[in-house]
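Listed below are the residues making up each chain.
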Amino acid sequence: MSSTTQASEVVIVGGGIYGTSLAYQLASAGRSVTLLEAGEIASGASGGPGERGVRANGRDFRELPVCALSLELWKHYQETFEGGVGYRRIGGIKVFDVPYGHREHEVRGRMEAMAAAQSSLGAPSEIWSREETLSREPELASGIIGAVHCPNDGVGDHTFATRQFAREAAKAGATIRTGAKVVEILHARGAATGVKLASGEVVPVGDKLVVVANAGAQDLLKPIFRPHEFSPVWNLMPQMLYVTNPLNKTVNHLLSHAHRRLAVKQIPDGTLMLSGGAHVAHTPDGLWKGSLSALTQNITDAIMTFPFIDSSSFLKADASRVETVAADVIPLIGQTEALSNTLYGYAWSGHGFAISLGFTKLFTDWILTGTKPEALEPFSPARFHQPAAALATSVVSRAA
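Residues numbered from 1 in each chain as written. Predicted model: local features only at pLDDT ≥ 70, side-chain atom pairs only at ≥ 80, totals over all residues. Heavy atoms only, no water.

A. Local environment of the state of the cysteines. Enumeration according to the criterion identifies zero disulfides in this entry. Left unpaired, C67 is separated from the closest cysteine sulfur, that of C150, by 8.6 Å. Classification of C150 as buried rests on a relative accessible area of 1%. (Disulfide = S-S within 2.5 Å. Buried < 20%, exposed > 50% of the residue type's maximum accessible area, 1.4 Å probe, protein only.)

Rendered as structure tokens:
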């Protein structure tokens, strides 16, 4: 077993958007950083073809303050990095219709409440009437009654962005290592001292170890987690569909639907990208199996929203990227109890790209100051355990 001799102050496990942007921010702040990626940069959930949504619209309310920070950072890095980060602020809308059996006043009430809550939590939102919505997206189905619009939302080339952050991190002094699969966390006296690679090499840890390997994070942390630190998670294979645009129609915004599992984007070459719907199978070997039923469901939802898509031809499906999801569909972020210098973040639940830069800014603040930012508290795994523990200690009166 070999060991590198020089310990970086911070060792990061995972070369997706979280690992690379965190490496950049820490290296820019003067910390010595080593990033370890099992494959290539952006070879996991942060990679793949097309674009990802960078949106606050429709997010879990607990995420919105972090998302607001993230959206400003996407804009900042697009403007300051040479070549940008592939981010386009095109605005996002969530469109509403009245599903069978529902009441229009309830749907409109939901729109109003959603827009008000998002605005108060850092994501400016406005309600568009049916006429306003169709004037801006004239190809939408006629049953649309309106939309919630977030002008700060947009889209981003996730593979390009992840690689740009890796490049800038290296320019700032970080060591970026690919083909470096971490298989074990080594520790002594309550702190991580190094990580062991599949090759047998040991990479020493100086001040902090940060695990942001998403699908592989909980397995790597398992030997040091205490029982109440485990969280209910599972893996899925999101399906991205790509279809032609023979009528040369335009989708002007990042678009989602309030009552359908659907996201529609028009990528720069004019191709339409359909996502957010039914997933495909994930085998024990980590391979994905295609699904005609999932494909049919997702395309049907898209045609019901944009009828012109019925004239499109199918190009390809991609479901090659494993995603990890928490039971309540928001991330898991914390510090291990057994190892005081080990932080982690995972279970990005299919929307981590959009919120990544806000989270890694907060991780950076945590590492630089030694104090966990209050904005990260809602994402602690304790949320799955503390309520039950509190109730267990409560005394129920006989009158109850």
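B. Quick look at the sheet that holds strand β16 (residues 263–266). Strand order in this open sheet of eight strands is β6-β7-β5-β15-β16-β17-β14-β20, and the pairing throughout is mixed. In this open sheet, the two edge strands, each paired with only one partner strand, are β6 (126–129) and β20 (314–318). Going across the sheet, the axis of each strand differs from the next one's by a mean of 25°, ignoring polarity. Helix α7 (residues 292–305) rests against β5 (92–96), β14 (240–243), β15 (254–257), β17 (272–275) and β20 of the sheet, and its axis sits at about 55° to β14. (Pairing = 2+ DSSP bridges. Helix = DSSP H or I, 4+ residues; strand = E, 2+ residues; numbered from the N terminus. Axes fitted to C-alpha atoms, helices over the stretch in contact; angles between N-to-C directions. Contact = heavy atoms within 4.5 Å.)

C. How the structure looks around the nonpolar core. Formed by 48 residues in total, the largest nonpolar core has its most connected members in I12, W74, F165 and F359. Those elements that place two or more of their residues in this core are β1 (8–13), α1 (17–28), β2 (33–36), α2 (64–80), α5 (158–171) and α8 (352–369). The element that contributes the greatest number of residues to this core is α8, accounting for nine residues. V13, A180, F225 and L332 belong to the second-largest nonpolar core, a separate cluster that totals 24 residues. (Core = buried A, V, L, I, M, F, W, Y, C linked by side-chain atoms within 4.5 Å.)

D. Quick look at the environment of Q25. Turning to its location among the elements, Q25 is positioned in helix α1. For Q25, a relative accessible area of 9% corresponds to the buried category. Residues Q25 and T360, 335 residues apart in the sequence, show an inter-C-alpha distance of 7.9 Å. Discounting chain neighbours no more than four positions away, the residues touching Q25 are Y77, L357, T360, K361 and T364.

E. Quick peek at the packing of aromatic side chains. Going through the model one piece at a time under the given rule, you end up with 17 aromatic pairs. For the pair W348 and F359, a centre-to-centre distance of 5.9 Å together with 45° between the ring planes defines the contact as tilted. Of the two residues, W348 sits in the loop between β23 (342–346) and α8 while F359 sits in helix α8, which places them eleven residues apart along the sequence. For F359, a relative accessible area of 0% gives the class buried. Consider the rings of F363 and W366, whose centres lie 6.0 Å apart with planes at 15°: the pair is stacked. Of this pair, F363 and W366 both sit in helix α8, three residues apart, roughly one helical turn. A relative accessible area of 5% means that W366 is categorised as buried. Aromatic ring contacts, followed pair by pair, group Y24, W74, Y77, F81, Y87, F165 and F353 into a single cluster. For the cation-ring pair, K316 lies above Y242, with the distance from its terminal atom to the ring centre recorded as 5.1 Å. (Phe/Tyr/Trp six-rings, centres within 6.5 Å; stacked < 30°, edge-to-face > 60°. Lys NZ or Arg CZ within 6 Å of the ring centre and 35° of its normal.)

F. Region of the structure containing unusual backbone geometry. If you check the backbone angles, A42 has positive phi at about 70° while not being a glycine. Among the structural elements, A42 can be located in the loop between β2 and β3 (52–54).

G. Quick look at the layout of surface pockets. Its boundaries defined by the atoms lining it, the second largest pocket holds a volume of some 230 Å³. Every residue lining the second largest pocket is counted, 16 residues in all, and those nearest its centre are E337, S380, P381, A382 and Q386. By residue number, the principal contributor to the lining of the second largest pocket is strand β22 (residues 332–335), which donates three residues. In the lining of the second largest pocket, the residues fall into five nonpolar, six polar and five charged. (1 Å grid on protein atoms, 1.4 Å probe; cavity = no way out; pocket = protein on both sides within 12 Å on 5 of 7 lines; lining within 4 Å. Points joined across faces, edges and corners; volume = space filled by probe spheres on them. Nonpolar A, V, L, I, M, F, W, Y, C, P; charged D, E, K, R; others polar.)

H. Focus on the pairing of β16. Neither face of β16 is left uncovered, since the one carrying A263 and K265 and the one carrying V264 and Q266 both have all their residues buried. By the bridge criterion, two bridges tie β15 to β16 in an arrangement that is antiparallel. Across the sheet, the residue bridging to S256 is A263, located in β16. Note that β16 and β17 share four bridges and pair antiparallel. Of the residues in β17, the one forming a bridge with A263 is S275.

I. Quick peek at the side chain of D318. Summarising the element assignment, D318 is placed in strand β20. Although buried, D318 forms no salt bridge, and the nearest oppositely charged side chain, R321, lies 4.8 Å from it. Of note is the side chain of D318, whose polar atom sits 3.1 Å from the side chain of S320. Ignoring anything within four residues of it in the chain, the contact list for D318 reads P49, P238, Q239, M240 and Y242. (Lys, Arg positive; Asp, Glu negative; His and termini not counted. Salt bridge = Lys/Arg side-chain N within 4 Å of Asp/Glu carboxyl O. Polar contact = N/O pair within 3.5 Å; in protein donor to acceptor, adjacent residues only side chain to side chain.)

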